[in-house]
Every structure is written in structure tokens, then in C-alpha cells.
Amino acid sequence: MNSVLNDCEKIWINAQLATMDPQVEALYGLLRNHSIGVKNGQITIISPMQDINIDECHGEIIDADGSILTPGLIDSHTHLIYGGQRSGEFTQRLNGTSYAEISRAGGGILATVAATRSLTEGGLIQQARPRLEALLNEGVTTVEIKSGYGLTLTDELKMLRAAKKLAADYPFRLRSTLLAAHAIPPEFHNSADAYIELICKEMIPLVAAEGLADAVDIFCEKIAFSSSQSEKIFVAAENAGLGIKVHAEQLSNSHGAEIAASYSAWSVDHLEYLDEAGIKALKKSGTIATLLPGAFYFLGETKKPPVELLRQYQVPMALASDLNPGSCPLASLRLMMNMGCVLFGLTPEEALQATTRNAASALGLGESTGTLSVGKAADMLLWNIDDPAQLAYQFGATPLLQRIFAGELSHV
Ligand code: NIG
Ligand code: FE
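For every chain, the first residue of the written sequence is number 1, and numbering continues from 1 along that sequence. Chains carry letters from A onward and ligands carry numbers from 1 onward, assigned in written order. Local features in this predicted model are restricted to residues of pLDDT 70 or higher, and side-chain atom pairs are both shown and tallied only at a pLDDT of 80 or more, whereas totals for entire chains, interfaces and linings draw on every residue. Where side-chain values are given, they derive from all heavy atoms of the structure, hydrogens and water being excluded.

A.B. asks: Sorry, what's going on with the overall build of the protein chain here?
C.D. replies: Secondary structure elements follow DSSP: runs of H or I no shorter than four residues count as helices, runs of E no shorter than two count as strands, and numbering proceeds from the N terminus. In terms of regular secondary structure, the protein chain is built from 16 helices and 16 strands. The size measure is the radius of gyration over C-alpha atoms, and the globule rule it meets is 2.2 Å times the number of residues to the 0.38 power. Over its C-alpha trace the protein chain gives a radius of gyration of 21 Å, about what one expects of a compact globule, namely 22 Å for 412 residues. Accessible area is worked out with a 1.4 Å probe on protein chains only. A residue is then buried under 20% of its type maximum, exposed over 50%, and partly exposed in between. Looking at the protein chain residue by residue over its 412 residues, the buried ones come to 59%. Computed by Shrake-Rupley with a 1.4 Å probe, the accessible areas treat only the displayed protein chains as cover when residues are assessed. For the protein chain, the exposed surface amounts to about 15500 Å²; the carbon and sulfur share of it is 49%. The charge count includes Lys and Arg as positive and Asp and Glu as negative, but it does not include His or the ends of the chains. For the purpose of locating charges, the reference atoms are NZ of Lys, CZ of Arg, CG of Asp and CD of Glu. Treating the 30 positive side-chain charges of the protein chain as one cloud and the 46 negative ones as another, the clouds have centres 5 Å apart.

Right, here's the structure in full:
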């Protein structure tokens, strides 16, 4: 008698498990003709079909009929709560004005800040719903949401509270990130250092005390904050016990990734201008390199992140949507998997690792989700596909048979 099997609430039988578990030595960590059982929202058993007697299972038995089961997809970098939209800037950019020029002229992020400040928490939630639903409907089960369009204590808290309230209505795991250092607010026009001090002394400790964010992020770039200002933010995040993330080396090399790595950042994101010294630092700290091909595509950039060098140093890569109104208004992680392959040269297996296992680590969740492994969350997707590569190959149709969140079938 197998007591774990006996105890399962549900068991999927006759499945092909694309576990994404590095301990399973096969492409995609694939286990053919397996069963996977769950209890209390967690995976409790993974077994070859021939090793179990299904009659011993008292829970619900679901026949996967040979279909492929993967971990739930994880979007580890979004700005999906915001007010308004910026199609006017899209037109300006198509006519030759650059993202940085628009930003310097007071548009860009600051335009969304004005629109976000003018909305209530409820208004923000309303506008964010279709964006979140688009992600969840294509199989995303964990989403990170950043603040960063409030830039006052009240408005940053409003964004983080909106994220929490929104999350309560849907079956997914939320990770939230304080990105108060996204742009220099108009009130601090010539005193960025004073704003950084406000973030470090007031915002970070308060947000940590109220449990409103899991991590802190900063836009380290010539048009935003310097590497020494970034370092102050990292110190404050570390003191508050929050994770560290950074927008770095997107438009130039400011060495933000290297500095973030020295503070054991969970992830460094964008990275088009990352150099070898930065990559060595990431390798040393175990920090995830998050690539955002949607922003690269939407801004018409030409400098690509150093994927081959990241591979050589075995730095784990994540892919995320960066969903935001300025540099990537594209609410699809599946599209990012495709772009990761087509634009940056990732393999379909790397693209799935980048949106499961490595994305979990980019959110400090590497121990609890991101692979099909006993003891991890039962966030799983059953697909009507023949090969896991189809998840990166194809876009626009979602061949999802079942979306399972914390062990429950969960349609959005
Ligand atoms: O990740 N790089 C900075 N922040 C966002 C863009 C935000 C915006 O333009 O509204 C990004 O690309
Ligand atoms: Fe971003």
C-alpha cells in the first residue's frame, strides 16, 4: 500500500511530464508515461505508471491521455497596474523621436505617472483586469507586479494595494515589487538624491512593515537613477529584508547589474548593454538574468543582450513580458517566449526554462514553484501539443486543455 498515493486529492495519469527539473536528465526534464498526484495545493507524488496501482488512489483520477503537462508559466516582470495609455508616443517614435528623447521632454514614464495619480485604487484595478486576464488565460500562474507610476508615498501604496486587491479576484500567485525609483518625480526635479532618501528612509521600511511588497526595484539608467543611487536603494532593501531587482543596462551600460549582484539580487532585467564583468558578477551571486524581448522589439532596439556569453558562464536566463504602457504594451508571455527565440536566439527549451524555473528564482520562489517536483506548488498546465517546443514556436492560439492552480482546475 502506497500511503502517499492513497492520500492524493487528485492524480493525473498517463501524462508526459515536462518537469523542467534540472535533476531529470532529459530535454525539458521530460518523463514519459508518468502520473502526478497533488494534495493541499502541492505535488505529493510523481511516479512512472508501471510503478503505481491506481486502485489505491482514493482521490479524483484524471486521464491525461498522453498529453504534455508543464509547470505553470511565470511572468517575473510586469508593470500591469497603470493609468491611461501612450499610443501618442508610439506614433511619435514611429516618426523618429526616441524613447529617451520623449522621456527627457517630460513624457514617457511621467505621462503615465500623471494618469496613474489621477485614478483611484478601484479605477486602477478596473483598467488592469484585461491585462491580467490575458496573461492568466494563456497559462500564467505567477505574476510579478511593480509599482512605479505613483512616485509619492500615497500613490505608490495605492498601486501596491490595487495589485493585492486585484490578485484576490483571480487564481494566481502575486509577487509585488516597490519600484518607487522608476523616474524622478516632478516634485523632486533637481533633487533626485532627496527622493532616493525618501524612498530609503520612509517608503521601503513602511512597505516592508505592511507586507505590501516582496522586493524593491530601481531603474538604473542615464535617464533615471545612477549606480550610486541604486546602491543606496539596495542597502535599504537588504535592511528591510526585501528582495532586490533592477532595471539595468537597457539603453547604456551603467553597471547596475554588477552592483545589484554584489547585493545578491534576485534578478537583473533588460541587459542589452551587459558586459563580461557584469556576467561574471551574476555567475558569482547566482542572480537571474532576465531578458525582456518585448521592450527590445517595441522600442526598435538593435543591440541584443549577450545571450551566448550568458550561456558560456551558465548564468540562468528568465524571460518576462515587462508589460507596461511605454516600452511594451504586449500582454503575452507566450509571445515573449517566441521573441526570446526569434530575436535573441534562445532555444525553445531555454524559453520554457526562462518562464518557469528561472522565472521562479527571479522572484525568490525557486524553492516553491517553477518545476514539477514533489513538494512544490501544484501549478500545472495540461497542453494539447505533441512537443513542448510548440509553446515557443506558436503564438496566438492557446492549446491549453487544463489550467491547474494550487492543485485546482482553474479557469479564469
Ligand atoms: O521596463 N525601463 C523602465 N521602465 C519600463 C518602461 C516604463 C514606461 O515606459 O512606462 C521598462 O521598459
Ligand atoms: Fe520594466
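Still to come is the rest of the account.
A.B. asks: What is the right way to read the coordination of the iron ion (ligand 2) from this model?
C.D. replies: In an ideal tetrahedron of four donors about a metal, each angle is 109.5 degrees. In an ideal octahedron of six donors, the angles are 90 or 180 degrees. Metal-coordinating donors are taken as N, O and S atoms lying within 2.8 Å of the metal, or within 3.2 Å when the metal is Na, K or Ca; because water is left out, some sites can appear incomplete. Distances from the iron ion (ligand 2) to its protein donors, His-77 (NE2), His-79 (NE2), His-247 (NE2) and Asp-322 (OD), fall within 2.1 to 2.2 Å. Between consecutive donor residues of the iron ion (ligand 2), the sequence gaps follow H-x1-H-x167-H-x74-D. Considered together, His-77 and His-79 belong to a single accessibility category, that of buried residues.

A.B. asks: Just checking my understanding: could you explain the layout of surface pockets for this structure?
C.D. replies: With a 1 Å grid spanning the protein atoms alone, the term cavity applies to any set of points in which a 1.4 Å probe fits but cannot get out, the term pocket to an open set with protein on both sides within 12 Å along at least five of seven lines, and the term lining residue to any residue with an atom within 4 Å of a point. Grid points are joined across faces, edges and corners, and a volume is the space filled by probe spheres set on the points. Taken as a whole, the largest pocket holds about 380 Å³ of empty space. If you trace the largest pocket, you find 18 residues lining it, with Ser-103, Arg-104, Leu-110, Ile-184 and Ile-223 closest to the centre. Among the elements of the structure, α3 (99–104) and α4 (109–117) are those that each provide at least two residues to the lining of the largest pocket. With 3 residues, α3 is the largest single contributor of residues to the lining of the largest pocket.

A.B. asks: What is the right way to look at the packing of aromatic side chains in this model?
C.D. replies: The geometry of two aromatic rings is summed up by the distance between their centres and the angle between their planes. Between 30 and 60 degrees the pair is tilted, below 30 it is stacked and above 60 it is edge-to-face, where a pair is any two Phe, Tyr or Trp rings, Trp via its six-membered ring, whose centres lie within 6.5 Å. Enumeration according to the criterion identifies 6 aromatic pairs in this entry. Here the aromatic rings of Phe-188 and Tyr-195 are separated by 5.2 Å at their centres, their planes lie at 45 degrees, and the arrangement is tilted. Taken together, a centroid distance of 5.9 Å and an interplanar angle of 50 degrees make the contact between Phe-234 and Tyr-263 tilted. Note that Phe-234 is positioned in helix α8 (residues 227–239) and Tyr-263 in the loop between α9 (256–262) and β11 (267–270), a separation of 29 residues in sequence. For the residue pair Phe-234 and Tyr-263, the accessibility class agrees, reading buried in each case. Taken together, the ring pairs in this structure connect Phe-188, Tyr-195 and Phe-225 into an aromatic cluster. For a Lys NZ or an Arg CZ to count as sitting over a ring, it must be within 6 Å of the ring centre and within 35 degrees of the ring normal. Stacked on the ring of Tyr-82, the Lys or Arg Arg-131 has its end atom at 3.6 Å from the ring centre. Of note, Lys-303 hangs over the ring of Tyr-273, and the distance from its end group to the ring centre comes to 5.4 Å.

A.B. asks: Is there a simple way to think about the pattern of salt bridges in this case?
C.D. replies: A side chain with one charge may pair with a side chain of the opposite charge, provided their charged atoms come close. Salt bridge, as used here, is a side-chain nitrogen of Lys or Arg placed within 4 Å of a carboxyl oxygen of Asp or Glu. The final tally for this structure, using the stated rule, is 16 salt bridges. Among the salt bridges present, the one from Glu-121 reaches Lys-165, with a minimum N-O distance of 2.6 Å. One end of the pair, Glu-121, is in helix α5 (residues 121–137); the other, Lys-165, is in helix α6 (residues 153–168), with 44 residues separating them in the sequence. In this structure, the salt-bridge partner of Lys-146 is Glu-144, at a minimum N-O distance of 2.8 Å. Using a relative accessible area of 0% as the deciding quantity, one classes Glu-144 as buried. Each member of the salt-bridge network shares a partner with another, and the members are Arg-117, Asp-155, Lys-158 and Glu-187.

A.B. asks: Sorry if this is basic, but what is going on with the site of ligand 1 here?
C.D. replies: Note on definitions. A residue lies near a molecule or strand when any single heavy atom of the residue is within 4 Å of it. Close to ligand 1 lie 15 residues; Arg-86, Tyr-99, Tyr-149, His-182 and Ser-327 are nearest. For this analysis, a polar contact is any N or O atom pair within 3.5 Å, provided that within protein one partner can donate a hydrogen and the other can accept it, and provided that sequence-adjacent residues contribute only side-chain to side-chain pairs. In the environment of ligand 1, an oxygen atom lies 2.8 Å from a nitrogen or oxygen atom belonging to the side chain of Asp-322. Contact with the protein chains covers 100% of the free accessible surface of ligand 1, which is 330 Å². Being in a pocket or cavity means that more than half of the molecule's atoms lie within 2 Å of its grid points. When each cavity is represented as a set of grid points, ligand 1 is found to reside in the largest cavity. Gly is put with the polar residues, along with every residue not named as nonpolar or charged; the nonpolar set is Ala, Val, Leu, Ile, Met, Phe, Trp, Tyr, Cys and Pro, and the charged set is Asp, Glu, Lys and Arg. When grouped by side-chain class, the residues that make up the shell around ligand 1 number 4 nonpolar, 9 polar and 2 charged.

A.B. asks: For this particular structure, what's the right way to read the domain arrangement of the protein chain?
C.D. replies: Where interface size is given, it is often the accessible area lost as the parts come together that is meant. The assigned domain composition of the protein chain is domain 1 (3–72 + 370–410) and domain 2 (73–361). Each of domain 1 and domain 2 was reduced to a C-alpha centroid, and the two centroids are 31 Å apart. When checking whether two residues touch, look at their non-hydrogen atoms; a contact exists if any pair is within 4.5 Å. Facing the 32 residues of domain 1 at the interface are 27 residues of domain 2. Once two parts are put together, the accessible area they lose, assessed with a 1.4 Å probe and summed over both, is termed the buried area. Between domain 1 and domain 2 lies a buried interface of about 2100 Å² when both sides are counted; carbon and sulfur atoms form 62% of it. For the pair domain 1 and domain 2, the number of links is 1 salt bridge. Salt-bridge contacts for Arg-173 lead to Asp-379; the nearest nitrogen and oxygen are separated by 2.8 Å. At the boundary of domain 1 and domain 2, one finds 11 residue pairs in polar contact (both at pLDDT 80 or more). Secondary-structure elements contributing two or more residues to the side of domain 1 that touches domain 2 are β5 (68–71), β14 (380–383), α16 (390–393) and β15 (400–405). Each domain's extent was defined by an automatic or database domain assignment.

A.B. asks: So what exactly am I meant to see when it comes to empty space enclosed by the protein here?
C.D. replies: Taken as a whole, this structure holds 2 cavities of 30 Å³ or more when the rule is applied. Considering the residues around the largest cavity, the lining is formed by 13 residues, among which His-79, Tyr-99, His-182, Asn-324 and Ser-327 are closest to the centre. When the residues that make up the lining of the largest cavity are grouped by side-chain class, the tally is 4 nonpolar, 7 polar and 2 charged. Taken as a whole, the second largest cavity encloses approximately 30 Å³ of empty space. Every residue lining the second largest cavity is listed: Arg-86, Glu-89, Phe-90, Arg-93, Tyr-99, Ile-102, Phe-298 and Gly-326. Within the residue set of the lining of the second largest cavity, elements represented by two or more residues are α2 (87–94) and α3. Ranked by the residues each element gives to the lining of the second largest cavity, the list is headed by α2, at 3 residues. Of the residues contributing to the lining of the second largest cavity, the split by class is 4 nonpolar, 1 polar and 3 charged.

A.B. asks: Is there a simple way to think about the packing of α6 against helix α7 (residues 192–209) in this case?
C.D. replies: To describe two helices that pack against each other, one gives the angle between their axes and the distance between the axes. In this description, a line fitted to the C-alpha atoms serves as the axis of each element, helices being fitted only across the stretch in contact, and the angle between N-to-C directions of two axes falls anywhere from 0 to 180 degrees. At a minimum axis separation of 11 Å, α6 and α7 run at an interaxial angle of 30 degrees. Here α6 lies roughly parallel to α7, going by the angle between them. The two elements α6 and α7 meet at a crossing, and its hand is right-handed. Between α6 and α7, the contacting residues are Leu-153, Glu-156, Leu-157 and Leu-160 on the first element and Glu-202, Met-203, Leu-206 and Val-207 on the second. By residue class, the composition of the contact of α6 with α7 is 6 nonpolar, no polar and 2 charged. In what follows, roughly perpendicular refers to angles from 65 to 115 degrees, roughly parallel to angles under 35, roughly antiparallel to angles over 145, and oblique to any angle outside these ranges. In a left-handed crossing the near helix is turned counterclockwise from the far helix by less than a right angle, and in a right-handed crossing that turn is clockwise.

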